[in-house]
Amino acid sequence: MSDGLLERLRRGLGLRRAPLLHIASDVGEGPAVVLVHGIASSSVTFQNLVPLLEPRHRAISIDILGFGRSPAPEDAQYTMDEHVAALDGTLRSLRLREPFVLVGHSLGSLIVARWAAEHPGALSRLVLVGPPVYPSPTEIGDRRVRTRVSAYLRAYEFLRNNKEFTLRNAAVLARLLPIKNVFEITEKSWRPFVLSLQNCVERQTVVGDLARVRVPVEVVYGTMDAFIAPGSLTVIEAMRHVTMHRVEANDHLIRKRLARVVAAACDASTGSGGQDGSASDSTTSR
């Protein structure tokens, strides 16, 4: 179906066109790598990664719907469909001719997994960084993992229902982080934060989405990532097309050590090899 026909169909059904997202940076030359950040953040998430990609890649950083400098429509519900539609329109506007690498961090990893599932053939590789994988507790057989995931979901519900507590503590945490503006929950971003948390993180479909992806998937995560429930990654680790990279002594942020592993995972699709030292930073298993 052509873009023009899609647009006429939208108008006939009274649907608005998904807004284009802000392209925060577009640097370097070579095979494209598109970077999509997570909730309550912006493309500053990738400040340690972009310099590693730029010598061999065209590195494109995108702000997700409602965050950074991207639009935050008043009527948006920040569902996964809306996040993916906005990303899709933005990727189309870039007119990338060759299969590219798509990288998502945190919530961004859930968004790019859905997009990849719906666009077979568009990618050479999918890279998920710190994915917050929370299967429905009713679908988790291991009692310990079920208890842990349930605790995370209750914690997120508490944050959504206690605005003043969340804003106050988010401000404290933001001041303590070594990367400035990488985590911001403010009055301005409260609605995108709450609805994205509820509709995309808590009601996620990432396991089913990854099962439909037809390209290699690299999953990179830190051993100290507080947003990954112990045992929750087991279900995607078992998928044949998924390779896991565990980075010691790294939390949820893309610090320099983790950035080297992510850059190597992106380079794997071009055969150009990883950054020096990346192998010692990660443990890989199928």
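Our subject is the structure that appears above.
Residues numbered from 1 in each chain as written. Predicted model: local features only at pLDDT ≥ 70, side-chain atom pairs only at ≥ 80, totals over all residues. Heavy atoms only, no water.

Draft legend 1. Region of the structure containing the layout of surface pockets. If you add up the space inside the second largest pocket, you get close to 610 Å³. As for the second largest pocket, its lining consists of 28 residues, of which Ile39, Leu173, Phe183, Phe227 and His252 are closest to the centre. Every element with two or more residues in the lining of the second largest pocket is listed here: α5 (143-161), α6 (163-176) and α7 (190-201). Among the elements that line the lining of the second largest pocket, the one with the most residues is α6, at five residues. (1 Å grid on protein atoms, 1.4 Å probe; cavity = no way out; pocket = protein on both sides within 12 Å on 5 of 7 lines; lining within 4 Å. Points joined across faces, edges and corners; volume = space filled by probe spheres on them. Helix = DSSP H or I, 4+ residues; strand = E, 2+ residues; numbered from the N terminus.)

Draft legend 2. Inspection of empty space enclosed by the protein at higher detail. Summed over the entire model, instances satisfying the criterion amount to one cavity of 30 Å³ or more. The space that makes up the largest cavity amounts to roughly 50 Å³. As for the largest cavity, its lining consists of Ala116, Ala117, His119, Pro120, Gly121, Ala122, Leu123, Arg212, Val213, Arg214 and Val215. For the lining of the largest cavity, the class distribution of residues is seven nonpolar, two polar and two charged. (Nonpolar A, V, L, I, M, F, W, Y, C, P; charged D, E, K, R; others polar.)

Draft legend 3. Quick look at the nonpolar core. Core analysis: the largest hydrophobic core is formed by 69 residues, its most contacted members being Leu87, Leu102, Leu126, Phe193 and Leu210. Sorting elements by how many residues they give to this core places helix α4 (residues 107-118) first, with eight residues. In this view, Leu126 contacts Leu102, Val112, Ala113, Ala116, Leu210, Val213, Val215, Pro216, Val217 and Glu218; residues no more than four positions away in its chain are not counted. (Core = buried A, V, L, I, M, F, W, Y, C linked by side-chain atoms within 4.5 Å. Buried < 20%, exposed > 50% of the residue type's maximum accessible area, 1.4 Å probe, protein only. Contact = heavy atoms within 4.5 Å.)

Draft legend 4. Examining the environment of Pro55 more closely. Mapped onto the fold, Pro55 is located in the loop between α2 (50-53) and β3 (58-62). Taking the C-alpha atoms as reference points, Pro55 and Gly30, 25 residues apart in sequence, are found 8.4 Å from one another.

Draft legend 5. Highlighting the packing of aromatic side chains. Applying the stated criterion to the full structure yields six aromatic pairs. Centroid distance Tyr134 to Tyr152: 5.5 Å. Interplanar angle 35°. Geometry classified as tilted. Of this pair, Tyr134 sits in the loop between β5 (123-129) and α5 while Tyr152 sits in helix α5, placing them 18 residues apart in sequence. Its relative accessible area of 19% is what places Tyr152 among the buried residues. Between the aromatic rings of Trp190 and Phe193, the centroid separation amounts to 5.7 Å while the plane-to-plane angle is 45°, which identifies the pairing as tilted. With Trp190 and Phe193 both in helix α7, this residue pair falls three residues apart, about one helical turn. Judged by relative accessible area, which is 11%, Trp190 ranks as buried. Overall, Phe193 belongs to the buried group, its relative accessible area being 5%. Clustering of aromatic rings is evident, with ring pairs tying together Tyr134, Tyr152 and Tyr156. (Phe/Tyr/Trp six-rings, centres within 6.5 Å; stacked < 30°, edge-to-face > 60°.)

Draft legend 6. View of the pairing of β5. Among the seven residues that make up β5, six are buried, leaving the element largely enclosed by the rest of the structure. In terms of strand pairing, β5 meets strand β6 (residues 217-222) through four bridges, oriented parallel. Within the sheet, the bridge partner assigned to Val127 lies in β6 and is Glu218. (Pairing = 2+ DSSP bridges.)

Draft legend 7. Representation of the side chain of His37 in the model. Along the polypeptide, His37 turns up in the loop between β2 (32-36) and α2. In this structure His37 comes out as buried when scored by relative accessible area, which is 0%. At 3.0 Å, the side chain of His37 forms a polar contact with the backbone nitrogen of Ile64. For His37, the residues in contact, after removing those within four places along its chain, are Ser42, Ser43, Thr45, Phe46, Ile62, Asp63, Ile64, Phe67, His105, Leu107 and Gly108. (Polar contact = N/O pair within 3.5 Å; in protein donor to acceptor, adjacent residues only side chain to side chain.)

Draft legend 8. Spatial organisation of the side chain of Arg114. Along the chain, Arg114 turns up in helix α4. In terms of polar contacts, Arg114 uses its side chain to reach the side chain of Thr205, at 2.8 Å. In this view, Arg114 contacts Met80, Asp81, Val84, Thr205, Asp209 and Arg212; residues no more than four positions away in its chain are not counted.

Draft legend 9. The pattern of salt bridges, seen in detail. Overall, the coordinates contain 12 salt bridges when judged by the stated rule. Here Arg58 makes a salt bridge to Asp26, at a shortest N to O gap of 2.7 Å. Residue Arg58 is found in strand β3, and its partner Asp26 is found in strand β1 (residues 23-27); the two are separated by 32 residues along the sequence. Judged by its relative accessible area of 24%, Arg58 falls in the partly exposed class. Taking the shortest distance from any N to any O, the salt bridge between Arg255 and Asp251 comes out at 2.7 Å. Under the relative-accessibility criterion, Arg255 is labelled partly exposed at 28%. For Asp251, a relative accessible area of 22% puts it in the partly exposed group. Look at the salt bridges and you will find they share partners, linking Asp81, Arg114, Asp209 and Arg212 into a network. (Salt bridge = Lys/Arg side-chain N within 4 Å of Asp/Glu carboxyl O.)

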